[in-house]
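The lines below spell out each chain.
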2 protein chains.
Amino acid sequence: MRGPRPADLTLYLVTDTHLAGARGVPDVVRAAVAGGVSAVQVRDKDASRRELLALVRAVQDAVAGTGVPVLVDDAVDVALLAGADGVHLGQDDLPVQEVRALLGPDKLLGLSVSTPGQARAACALPPGTVDHLGAGPVWSTATKPDAAAPLGLDGLREVVAASALPVVAIGGIGAADAEAVRATGVAGICVVSAVCAAPDPAAAARALLPTSPAGPSAPGGTP
Amino acid sequence: MRGPRPADLTLYLVTDTHLAGARGVPDVVRAAVAGGVSAVQVRDKDASRRELLALVRAVQDAVAGTGVPVLVDDAVDVALLAGADGVHLGQDDLPVQEVRALLGPDKLLGLSVSTPGQARAACALPPGTVDHLGAGPVWSTATKPDAAAPLGLDGLREVVAASALPVVAIGGIGAADAEAVRATGVAGICVVSAVCAAPDPAAAARALLPTSPAGPSAPGGTP
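Residues numbered from 1 in each chain as written. Chains lettered and ligands numbered in written order. Predicted model: local features only at pLDDT ≥ 70, side-chain atom pairs only at ≥ 80, totals over all residues. Heavy atoms only, no water.

Peer 1: I'm lost on the overall build of chain A in this one. Help?
Peer 2: Scanning chain A from N- to C-terminus turns up 10 helices and 8 strands. Over its C-alpha trace chain A gives a radius of gyration of 16 Å, about what one expects of a compact globule, namely 17 Å for 223 residues. Counting only C-alpha atoms and orienting by the principal axes, one finds that chain A spans roughly 45 × 40 × 35 Å. Residues classed as buried in chain A amount to 53% of the 223 residues present. For chain A, the proportion of contacts with a sequence separation of at least 24, taken over those separated by at least 6, is 61%. Here chain A displays about 9,100 Å² of accessible surface, and carbon together with sulfur accounts for 57% of that area. Charged side chains in chain A number 16 positive and 22 negative. The centres of these two groups are separated by 3 Å. (Helix = DSSP H or I, 4+ residues; strand = E, 2+ residues; numbered from the N terminus. Rg over C-alpha atoms; globule rule 2.2 N^0.38 Å. Buried < 20%, exposed > 50% of the residue type's maximum accessible area, 1.4 Å probe, protein only. Contact = heavy atoms within 4.5 Å. Areas by Shrake-Rupley, 256 points an atom, 1.4 Å probe, with all protein chains shown as cover. Lys, Arg positive; Asp, Glu negative; His and termini not counted. Charge placed at Lys NZ, Arg CZ, Asp CG, Glu CD.)

Peer 1: What am I meant to see in unusual backbone geometry here?
Peer 2: Phi is mostly negative for residues that are not glycine, and the peptide bonds are mostly trans. All names here are of chain A. The omega angle of the peptide bond from Gly136 to Pro137 is 0°, so this bond is cis rather than trans. Topologically, Pro137 is positioned in the loop between strand E6 (132–135) and helix H7 (152–162). A positive phi angle is found at Asp74, which is not glycine, with a value near 75°. Tracing the backbone through its elements, the reader meets Asp74 in the loop between strand E3 (70–73) and helix H4 (76–82).

Peer 1: Would you mind going over helix H2 (residues 25–34) of chain B with me for this structure?
Peer 2: Helical geometry note: an α-helix holds 3.6 residues per turn, so side chains three or four residues apart project in the same direction. Residue and element names in this part refer to chain B. Those residues of H2 that fall on the buried side of the exposure criterion are Val25, Val28, Val29, Ala32 and Val33. Looking straight down H2, one finds that the buried residues subtend no more than 130° of arc, so they occupy a single side. Turning to H2, the residues buried within the fold contact strand E1 (11–14), helix H1 (17–20), strand E2 (39–42), helix H3 (49–63), helix H9 (193–196) and helix H10 (201–208). Downstream of H2 by a residue or two, Gly36 has a phi angle that is positive, lying close to 125°. (Arc of directions from axis to C-beta.)

Peer 1: Is there a simple way to think about helix H6 (residues 116–123) of chain B in this case?
Peer 2: Listed as buried for H6(B) are Pro116(B), Ala119(B) and Ala122(B). Projected down its long axis, H6(B) carries its buried residues within an arc of 120°, all on one side.

Peer 1: Explanation requested: the confidence of the model for chain A in the structure shown.
Peer 2: Detailed reading of the predicted model is not advised wherever pLDDT is low. Averaged over all residues, the pLDDT of chain A is 92; the fraction at 70 or higher stands at 92%. A low-confidence stretch, residues 215–223 of chain A stays under pLDDT 50, and its non-local contacts, those more than four residues away or across chains, total 7 contacts. (pLDDT = per-residue confidence, 0-100.)

Peer 1: For this particular structure, what's the right way to read the nonpolar core?
Peer 2: Here is a general trend for soluble globular proteins: nonpolar side chains tend to be buried in one another's company. Leu52(A), Val195(A) and Val195(B) are the most contacted members of the largest nonpolar core, which totals 124 residues. Not counting residues within four places of it along the chain, the set of residues in contact with Leu52(A) comprises Val42(A), Asp44(A), Ala47(A), Val72(A), Ala75(A) and Val78(A). (Core = buried A, V, L, I, M, F, W, Y, C linked by side-chain atoms within 4.5 Å.)

Peer 1: What is the right way to read the interface of chain B and chain A from this model?
Peer 2: Quite often, the size of an interface is put as the accessible area lost when its parts meet. The interface of chain B with chain A comprises 20 residues on the first partner and 20 residues on the second. Taken together, the two surfaces of chain B and chain A that pack against each other cover about 1,600 Å², and 62% of this comes from carbon and sulfur. Three residues stand out in chain B for area buried against chain A, namely Arg50(B), Leu81(B) and Leu94(B), and they jointly supply 35% of the buried area on that side. At the boundary of chain B with chain A, the tally comes to 4 salt bridges. Among the salt bridges present, the one from Arg49(A) reaches Asp77(B), with a minimum N-O distance of 3.1 Å. Across the chain B-chain A interface, the total number found is 11 residue pairs in polar contact (both at pLDDT 80 or more). Considering each element in turn, the side of chain B that touches chain A owes the most residues, 5 residues, to helix H4 (residues 76–82) of chain B. Looking at the side of chain B that touches chain A, its residues break down into 10 nonpolar, 2 polar and 8 charged. (Buried area = accessible area lost by both parts, 1.4 Å probe. Salt bridge = Lys/Arg side-chain N within 4 Å of Asp/Glu carboxyl O. Polar contact = N/O pair within 3.5 Å; in protein donor to acceptor, adjacent residues only side chain to side chain. Nonpolar A, V, L, I, M, F, W, Y, C, P; charged D, E, K, R; others polar.)

Peer 1: Which parts of the structure should I look at to understand the pairing of E3(A)?
Peer 2: In the case of a regular strand, side chains alternate between the two sheet surfaces. Residues and elements named next belong to chain A. Alternating positions in E3 separate into two faces, Val70 and Val72 on one and Leu71 and Asp73 on the other, with burial throughout. Relative to E3, strand E2 (residues 39–42) runs parallel, the two being bridged by 3 bridges. Directly across from Gln41, in E3, lies its bridge partner Leu71. Handedness of the E2-helix H3 (residues 49–63)-E3 crossover: right-handed. (Pairing = 2+ DSSP bridges. Right-handed = clockwise from strand over helix to strand, strands pointing away.)

Peer 1: What is the right way to read the sheet that holds strand E1 (residues 11–14) of chain A from this model?
Peer 2: Strand pairing in a sheet relies on backbone hydrogen bonds. The paired strands run either parallel or antiparallel. Residues and elements named next belong to chain A. Taken in spatial order, the 8 strands of this closed barrel run E1-E2-E3-E4-E5-E6-E7-E8, and their pairing is parallel. Adjacent strand axes in the sheet meet at a mean angle of 25° when their direction is disregarded. Relative to strand E8 (residues 188–191), E1 runs parallel, the two being bridged by 3 bridges. The residue bridging Leu11 from the neighbouring strand is Ile189, located in E8. (Axes fitted to C-alpha atoms, helices over the stretch in contact; angles between N-to-C directions.)

Peer 1: What should I look at first to understand the relation of the copies chain B and chain A in this one?
Peer 2: Superposing the two chain copies requires a rotation about an axis and a translation along that axis. Of the two same-sequence chains, chain B is brought onto chain A (RMSD 0.0 Å, axial shift 0.0 Å) by a rotation of 180°. Each copy turns onto its partner about a two-fold axis. Residue Asp77(B) of chain B places its C-alpha closer to the rotation axis than any other residue of that unit, at 2.4 Å. (Least-squares fit on C-alpha atoms with pLDDT ≥ 70 in both.)

Peer 1: Help me understand the pairing of strand E7 (residues 167–170) of chain B in this model?
Peer 2: All names here are of chain B. Residues Val167 and Ala169 point to one face of E7 and Val168 and Ile170 to the other, with burial holding for every one of them. Pairing of E7 with strand E8 (residues 188–191) involves 3 bridges; the strand directions are parallel. Considered in E8, the bridge of Val168 is made with Gly188.

As structure tokens, then:
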């Protein structure tokens, strides 16, 4: 097996600098990881690359020793300079096969999809190109104004069915519906506001963990 | 000597997608190189990284066989994926020493400076970190609204005097003042509007070339 792959995507936190507010992203991440977050993506579309590099390094310091991987949204150069564990790309970011070639085989590479067709296309790439898919938005959300139409649980199930790769669900997921989302067969759930905007990010993360330690419940299980 | 360095910076074109308009950046670059442009930097702050990568490749195709180097503004990942000849960084972009380490020794690395102090700081970096400085703006300009206060010719002379590296002057330079700017001792002049907005980019480039083929005239020469 190569490098840190596969990652534990059970509870995947995407950072939001504005929502973290005065506490700062690294402190929110530290608390969230203490609460059970298993992977972190640093995302800040408003930061310069220089600011983003500093932010990624601060998050790496915050999770040091926990084994939690840190991925960087979009900015491949920043990920390389920081020695991050991986990159997350959108459909309109740099082409995944070329980014994989630049990153080498050991880095995590996640790709956003919003339809079953995009999931199939990602799974049809050469093995080892993409590690996991971020499917969404499940619900409409204010933290990603350019997002596609919401999938809902049925749409999410269709993406999961179309994908041979692990799928994490993203978009408006909170503690109240985390189990219902997990029951679609996803490898994990991805959250932004539910943790970054929470007064107690550790408690918020804990409330989003699977109720069964064995992972997502099987389709048709207790809702 | 390493790779394509040192570059001929006599007439250095920075692209502007909006000014190039319907003709498209690659056609403007092709004409400008035919007119005497000796180096090209692809700059498009509004493009996504994916769009920028496509643009860089189109510009590389446009100059193929001419020996004119193509640099990329800011986007180190795009430069790496495109196999560009180099990168140009601003003071707020990714740190130059780290970018140099990522690029390896053979790529061109230019850095923007707007004061003699910034020029001295760049020249104090380990040899081979920065290849050349872009000093400006000489005059105020609409194509870079976030630029520092204009240097004028006297300020430009101070930057040149402070720099052990080749300096290219940028910012509002046109055919009427190109010789006066060259007389400050710069290695070349850098233009955006004067070529990208010109009805005939080849003729516009020709009009910006040094009048003496020996290069910039000595200070005190014929104005």
